[in-house]
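Inside the fold
Each chain is listed here by its residues.
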Amino acid sequence: MTSTTIDDAPFIEPSTRERRNYLNDEYGVLSWLLTRDHKRIALLYLFSVTTFFIVGGIIAFMMRLELLTPEGDMFTSDTYNKLFTLHGVVMIFFFLIPAIPAVMGNFILPIMLGAKDLAFPKLNLLSWYIYMIGGTFGIIVIITGGVDTGWTFYTPFSTQYSNTKVFATTLGAFITGFSSILTGLNFLVTIHRMRAPGLTWYRLPLFVWSMYGTSVIIMLATPVLAITLVMLMVERVLRVGIFDPALGGDPVLYQHMFWFYSHPAVYIMVLPAMAVISECVAAFTRKKIFGYKFVAFSSLAIAFLSFLVWAHHLFVAGISIYSALIFSFLSMFVAVPSAIKVFNWTATMYKASVSWQTPMLYVMGFIGLFTIGGVTGLFLAALGVDVHVHDSYFVVAHFHYVMVGGTIMAYMAGIHYWWPKITGRMYPEWWGRLSALLVFVGFNLTFFPQFLVGYVGMPRRYHAYAPEFQVLNVLSTAGATVLAVGYLLPIIYLTWSVKFGRKAGANPWGAVGLEWATTSPPPKENFHETPVVTWEAYDYPAFLKAMKETQDV
Amino acid sequence: MSEDATLSHSAEHASEPHTHGHHHPFLQHHFEDMGQQHEASTLGMWFFVAQEILFFGGIFCAYFIYREMYPEAWKAGSHHQNWQIGAANTIVLIGSSLTMALAVWGAQQAKRKFTTLMLILTLVLGGIFVGVKGYEYAEHIHEGLFPGSMFTFVQQDAPHLTPGVHLFMTFYFVMTGLHALHMIIGAGLLLWFIKRTWRGDFGPEYYSPVEIMGLYWHFVDIVWIFLFPLLYLV
């Protein structure tokens, strides 16, 4: 196969050819801003989501500083309301939802499929621009005075009473939603129609199965949020009463419609994380994932069940006790496919010779923290316990264990795992391990005390609290400091490694998968030859044999 | 310089080893052949329609819930619609779907003039629909039925229904407004496709853009087929 190319271009040594890649193929700002290359678009997303992560992180840190003391001494309660709202909006809509799909999915998914690009490259670029427009609204809101409704925009407060920038914020979230819809659509079509010859569904890496599940949720849930926000904006602008009880509307309907999107959105955040974890577990244990089909179909099961649990956010909103019972049961049921994944990853590690590089440390962090987040989710799905801890710090700790302990841990794992592929350079391993350790310790120190303080009754969303909660809050703020250092370190050493890191080579981990079969960084069209897949997913002996044959020809 | 040229030349060859002879001008570089490109684009449009269904589905759901809560007000509200105009407009829209379908057929057969004519007809019929809708809006605004501060209407025979009618009219304007917005976006796309058809871009090997346009247009029509009875008749 390779021989044809060499025949066509006899004067060029393969090494010269390999030096041309997607990064040095073209230069200049416009070659980035107008690119249709999924790899460059992934990097555009990487810079943008990192920026929003820093913004959201700074806001979180300001809140933790306020909560050092029981008195509300740093910010007024109004400012504090704005802080937690902006933290939620920025982190959820502008960081967590796009983070793994738009950065790693964009970069890796087409390469995993052996495709030259996503099915619709222009649409892909468009979705980044849409995201940036939505994000600009977010930034404008922050600069011009903020918004204080909470990221959930509950009516009628958001439509009739709040005097802050509700319209601009919801418009930003609405616009950003279309960016994820287009990304999801692009992924689905690419997975269906762009697989390399021989790459059957059961030969797909589990990353692809999870991204498929994610894209289905994005496609079917996000438009419902869009129309809900349209109604909210109409109500706020025209002062009509779609969701205002005083004018005949029903505020609980808003909550139903909002959570019809926003609970599946939790799985938009966590399924891609599971995608990354499956890849890393296989790579660092050098084994086939235990129960491949179970892990694959559990992604689809999660995608399906995620649509049937939304009303567990409404247990105290006055819904009927019978529907609450059903939603309680279904919410517990969604733990089954999640647990299947966790058990299968652990079973894969059983008796394997695990190598403990940075990505694998993050994976271990993910498995532990996500399990805690998931199990406390079961507490909250139980009707009686939910009524007790509703709107307390117990809930705050629970969803941070899932989103930060789950999604961001996996995001960090994936960034380190694919960094050599993205940049062609290794990150410094010692610093990587240190940051993984700091993040793990800092995270637990920040959020475990919140379980305790929430269980004994500290409510969320207040800037002042009873003095007996202070010890746990100080611990939490101390943890947030450690966590901040843990997140800052990678930003510094990863940037450093782009220039000074050790050259990575095509496959630094000795991992299977098409992304490791091409050069690092990959050429503009990903492969010098369209690959033909003859091996099962994670089949180490067959993959290595096929790679050897390709090189021998 | 010469080395650079050879380099890019060989890189092109390396990346497209299977496209030596026949190479359609509209085949994008990342697809293997026209068949794959066509399948990808139509599938993409079907997925897009799926998300549109959920988008409109959300507001239909809210409509039905309030209809259940305020059946009498809903009935009074739909009496303010002129169903004859609505029915005539429905026929216009169905006619535009027919011309759109004929345009897809024409593009497939490489009938350049016929396809252009059909697309122009579709655009004209769509324009008539939106125009009539605008006339209806003007009537409603004149009667004080536009929601919000402009809502001055009082249901004379049953004043207690007025807030419900207000809610109904809110739904009426949001639903038909979103539908009209989709029509206007479709009209913009039609203009572009008329130009491309006239230029002779489409033929039996490459007509997926027209087909996708058709899918979109039919979808927007079907939304109206649901909106018309819900807002005018029942």
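Residues numbered from 1 in each chain as written. Chains lettered and ligands numbered in written order. Predicted model: local features only at pLDDT ≥ 70, side-chain atom pairs only at ≥ 80, totals over all residues.

1. Describing the interface of chain A and chain B
Which entries qualify depends on this criterion: C-beta atoms are first placed from the backbone for all residues, and any pair lying within 7 Å is then listed as a contact. Where helices and strands are cited, they refer to DSSP runs of H or I of at least four residues and of E of at least two residues respectively, numbered from the N terminus. Residue polarity is assigned by list, with Asp, Glu, Lys and Arg as charged and Ala, Val, Leu, Ile, Met, Phe, Trp, Tyr, Cys and Pro as nonpolar; anything else, Gly included, falls into the polar class.
Taken together, the 43 residues of chain A in the interface contact 34 residues of chain B. If you list the elements that add at least two residues to the side of chain A that touches chain B, you get helix H1 (2-8), helix H8 (166-193), helix H9 (206-238) and helix H10 (251-285) of chain A. Top contributing element to the side of chain A that touches chain B by residue count: H9 of chain A, with 11 residues. Among the residues forming the side of chain A that touches chain B, the class breakdown is 27 nonpolar, 8 polar and 8 charged.

2. A look at the packing of helix H14 (residues 358-381) of chain A against helix H17 (residues 429-455) of chain A
Residues and elements named next belong to chain A. This is how the line gets drawn: To get an axis, fit a line to the C-alpha atoms, keeping to the stretch in contact for a helix; angles then go from 0 to 180 degrees between the N-to-C directions. Roughly parallel here means an angle under 35 degrees, roughly antiparallel means over 145, roughly perpendicular means 65 to 115, and every remaining angle is called oblique. In this scheme the handedness of a crossing depends on how the near helix is turned from the far one: anticlockwise by less than a right angle means left-handed, clockwise means right-handed.
Two elements in contact, H14 and H17, have axes separated by 9 Å at closest approach and are oriented at 15 degrees. Between H14 and H17, the angle falls in the class roughly parallel. Relative to H17, H14 is oriented so that their crossing is left-handed. Residues Thr-358, Leu-361, Tyr-362, Gly-365, Leu-369 and Thr-376 of H14 form the contact with H17, whose participating residues are Glu-429, Gly-432, Arg-433, Ala-436, Val-439, Phe-440, Phe-443 and Phe-451. Residue composition of the contact of H14 with H17, by class: 8 nonpolar, 4 polar and 2 charged.

3. Points about the confidence of the model for chain A
Any residue range with low pLDDT should be treated as having predicted coordinates unsuitable for detailed reading. Formally: Scored between 0 and 100, pLDDT is the confidence that the predictor attaches to each residue.
When pLDDT is averaged along chain A, the result is 92, and 96% of the positions lie at 70 or above. Low pLDDT, under 50, characterises residues 1-12 of chain A; the predicted model gives this stretch 18 contacts beyond four residues in sequence or across chains.

4. A word on helix H13 (residues 335-349) of chain A
Residues and elements named next belong to chain A. The test is simple: Multiply 1.5 Å by the residue count of a helix minus one, and that product is the helix's expected span. Buried residues are those with 20 or more other C-beta atoms within 10 Å of their own C-beta, exposed residues have 12 or fewer, and partly exposed residues lie in between; C-beta atoms are placed from the backbone. It is the directions from the helix axis to the C-beta atoms that the arc portrays.
Taking 1.5 Å as the rise per residue, H13 with 15 residues should run 21 Å; its terminal C-alpha atoms sit 21 Å apart, in good agreement. Among all positions of H13, only Pro-337, Ser-338, Lys-341, Asn-344, Trp-345 and Thr-348 are buried. Down the axis, H13 shows its buried residues gathered within 130 degrees of arc, on one side only. Buried residues in H13 make contact with H10, helix H11 (292-305) and H14. Among the residues trailing H13, Lys-351 stands out with phi positive, at a value near 60 degrees.

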